[in-house]
Every structure is written in C-alpha cells, then in structure tokens.
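Residue-level listing of the chains:
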Amino acid sequence: MTARLDQARPYVLGLFRIVVGLLFLCHGAASLFGVLGGAGGTGGTVPTGSWPGWYAAVIELVCGALVLVGLGTRAAAFLASGAMAYAYFKVHQPMALFPLKNGGELSAMYCWSLLLLVFTGPGALSLDGLLTSAQANRKREAVTA
C-alpha cells in the first residue's frame, strides 16, 4: 500500500499545487478586477497603489498564476508565503492570538501551504518539470553528438 501511495506522490503534490495556485490567483483577481465577488466580497476593487491591499493582490494574482502552472514554483511560493505571513501578523494577529479568534485562518493556511511548496517543489504536471526534462534531453543530445 505504501509503495502505491509513494508512486502517486508527485501527481497528488502537483494537484495540490494547482488547487492552491488557482485559489490564490482568484483572491488577487477578485481584489484587482472586482470579479468573483470583488475585494472582501463587496464587488469592488482595492484602490490602485494602496498599501498593503493592492500590492498583496498583485502578489496573489502573479504568484498564484506561477504556482498554478508550476513555473518558478519555489520562488513564487516563497514570496506568496511571506505575503501571507505579513498579512497574518500585521492584520490579524493584533486582534487576537489564535486564528479562529482573529479571522486569520485563511492567511495562515495559505502561508503554510505555500511554504510547503517551497520545500517540496512543484510535483508533477508543472512547467518547471517540463523545462527541466527538456534541458536534460538537450544535454544528453550534446554529449552523444
């Protein structure tokens, strides 16, 4: 049983990355473009250039897209995880110690989920993996030529 689960690990990790990236991207799109309920569910957008909301939304959109497709996954996940840690400690934690009391569960979950991707990498089904295998093929062809 363990061997079969180990075989599935890269694919499950890839699906985890895709879901986290898509959900994170949706938060940025909602805040920047007013789609999917808009910023904070108000239907509106965050003011351009406002600190920290607009910058957080740009990070969510760009890093979410990169994590989704698996391109520069570790770097994008690191930046996004840091943004969520900032959001938790700057916005939520001053209100109360625990996430259930301060409304910071989502920030905490994104922070730790994205940090996990920094250490595990993108898994299967990623552009990172596709580019790495293409580079390896070119190197093999150069050695045999």
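Below you will find a few notes about this structure. As the structure is a computational prediction, the values presented were derived from the model and not from experiment.

## Regarding the packing of aromatic side chains
- For the structure shown, the criterion picks out 5 aromatic pairs.
- The interplanar angle of 90 degrees and the centroid separation of 5.1 Å between the aromatic rings of Trp54 and Tyr55 together place this pair among those described as edge-to-face.
- With relative accessibility at 38%, the residue Tyr55 sits in the partly exposed group.

## Digging into the nonpolar core
- Core analysis: the largest hydrophobic core is formed by 15 residues, its most contacted members being Phe24, Val67, Ala77, Met84, Tyr110, Leu114 and Leu117.
- Breaking this core down by element, the ones donating at least two residues are α1 (2-33), α2 (53-69), α3 (73-92) and α5 (105-120).
- Apart from residues lying up to four places away in sequence, Ala77 is in contact with Val67, Leu114, Leu117 and Val118.

## Description of the layout of surface pockets
- A volume near 600 Å³ is recorded for the largest pocket.
- Sorting the residues of the lining of the largest pocket by element identifies α1, α2, α3 and α5 as the ones contributing at least two each.
- Residue composition of the lining of the largest pocket, by class: 19 nonpolar, 7 polar and 1 charged.

## Re the side chain of Ser126
- For Ser126, the position within the fold is in the loop between α5 and α6 (127-144).
- Excluding residues that lie within four positions of it along the chain, Ser126 makes contacts with Arg17, Val69 and Gly70.

Cut-offs applied
- Residues numbered from 1 in each chain as written.
- Predicted model: local features only at pLDDT ≥ 70, side-chain atom pairs only at ≥ 80, totals over all residues.
- Heavy atoms only, no water.
- Phe/Tyr/Trp six-rings, centres within 6.5 Å; stacked < 30°, edge-to-face > 60°.
- Buried < 20%, exposed > 50% of the residue type's maximum accessible area, 1.4 Å probe, protein only.
- Core = buried A, V, L, I, M, F, W, Y, C linked by side-chain atoms within 4.5 Å.
- Helix = DSSP H or I, 4+ residues; strand = E, 2+ residues; numbered from the N terminus.
- Contact = heavy atoms within 4.5 Å.
- 1 Å grid on protein atoms, 1.4 Å probe; cavity = no way out; pocket = protein on both sides within 12 Å on 5 of 7 lines; lining within 4 Å.
- Points joined across faces, edges and corners; volume = space filled by probe spheres on them.
- Nonpolar A, V, L, I, M, F, W, Y, C, P; charged D, E, K, R; others polar.

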